[in-house]
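Understanding the architecture of this molecule
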Amino acid sequence: MQHNNYYIITGGPGVGKTTLLHELGRSGLHCVPEVARRIIQEQMAQHGDALPWENRELYKALMLEGSSDAYRQADPAIITFFDRGIPDVLAYAKLAGLTITDTLLSATALFRYNPVVFILPPWKAIYTTDTERKQTWEEALATFEVMKETYSACGYTLAEVPRLPPAERARFVLEHISLT
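Residues numbered from 1 in each chain as written. Predicted model: local features only at pLDDT ≥ 70, side-chain atom pairs only at ≥ 80, totals over all residues. Heavy atoms only, no water.

1. Remarks on the nonpolar core
By size, the foremost hydrophobic cluster in this structure holds 34 residues, and its most contacted members are Y59, M63, F82, I86 and Y113. Sorting the residues of this core by element identifies β1 (6-11), α2 (35-45), α3 (56-73), α4 (86-96), α5 (102-110), β4 (116-120) and α6 (137-153) as the ones contributing at least two each. Every residue in contact with Y113, bar those within four places of it in the chain, is listed here: Q2, H3, Y6, I8, S67, Y71, F82, G85, I86, P87 and Y156. (Core = buried A, V, L, I, M, F, W, Y, C linked by side-chain atoms within 4.5 Å. Buried < 20%, exposed > 50% of the residue type's maximum accessible area, 1.4 Å probe, protein only. Helix = DSSP H or I, 4+ residues; strand = E, 2+ residues; numbered from the N terminus. Contact = heavy atoms within 4.5 Å.)

2. With respect to the environment of P122
Mapped onto the secondary structure, P122 falls in the loop between β4 and α6. For P122, a relative accessible area of 10% gives the class buried. For the pair P122 and K94, spaced 28 residues apart in sequence, the C-alpha to C-alpha distance is 19 Å.

3. Comments concerning the environment of R169
Structurally, R169 can be placed in helix α7 (residues 166-176). Sequence-wise, R169 and L158 are 11 residues apart; in three dimensions their C-alpha atoms are separated by 15 Å. The residues contacting R169, other than those within four sequence positions of it, are V15, G16, L20, L120, P121, W123, V161, P162, R163 and L164. Of the polar contacts made by the side chain of R169, one reaches the backbone oxygen of V15; its length is 2.8 Å. (Polar contact = N/O pair within 3.5 Å; in protein donor to acceptor, adjacent residues only side chain to side chain.)

4. Some remarks on the side chain of T108
Residue placement: T108 occurs in helix α5. In this structure T108 comes out as buried when scored by relative accessible area, which is 4%. There is a polar contact of 2.8 Å between the side chain of T108 and the backbone oxygen of L104. Contact partners of T108, with chain neighbours within four places excluded, come to I86, P87, L90 and C154.

5. A word on the packing of α4 against α5
One can describe the packing of α4 onto α5 by two numbers: an axis separation of 8 Å at closest approach and a directional angle of 145°. Seen along the crossing, α4 lies across α5 with a hand that is left-handed. Counting all contacts with α4, which are made through I86, P87, V89, L90 and A93, the residues of α5 involved are L104, L105, A107 and T108. Among the residues making up the contact of α4 with α5, the classes are represented as 8 nonpolar, 1 polar and no charged. (Axes fitted to C-alpha atoms, helices over the stretch in contact; angles between N-to-C directions. Left-handed = near helix turned anticlockwise from the far one by under 90°. Nonpolar A, V, L, I, M, F, W, Y, C, P; charged D, E, K, R; others polar.)

6. What about the pairing of β4?
Within β4, 4 of the 5 residues are buried, which leaves the element mostly enclosed by the surrounding structure. Here 3 bridges tie β1 to β4, and the two strands are oriented parallel to one another. Following the sheet pairing, G11 is matched in β4 by L120. (Pairing = 2+ DSSP bridges.)

Given below as C-alpha cells:
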C-alpha cells in the first residue's frame, strides 16, 4: 500500500520538524502531529511507564500502533505531511537496541509513503531539551544518522531540508512536491 500523497518530515529531535509542519499547515495543507510526543504526554499524565526513558519496548509498540493508525486514518486523496513515519519506529528500535519484530518490519514494508522523505539535519542553534525531549546533543546527532540509514535502507530517497527560517523551509518542501 503506497500513498504518494503521504509525505514524511523526519530527523533527529529538536530540528524544527513541528515548526515546519505548523508552517505547512498555515498554507492549508493537512499535517499529522508526531505520535511519539503524544504518547509521552499521555504516559506522563497518567503516570504510565511507556516512555523512552522507562519501558522502551512498550513505548516502541505504542509508537508503531499510533503511526499505523495515523497512516490508515489519513485520506490518500489529500496531500498529507506526517511528523515522522513508521520507519521512524524502526530507526528508534535500532538506536535503542530494541527487538525488531516481524510486525514492525511488516508495517514498514506495507505502509509506504511518498518515495521522497524530507529530513531535517541537526541544528545546534535551535536545539533545546524539554520535559519530553531529553536527548543530549550527541544523541540528537546519532539519531539523525540512524534515521538517514534506516530510511535509505527502506528504499526512500532523502531530501535534506536546509537550515533556513520556517517559511523558507516550507517553500523548499513545497517546491520539491511541485506545489508552488
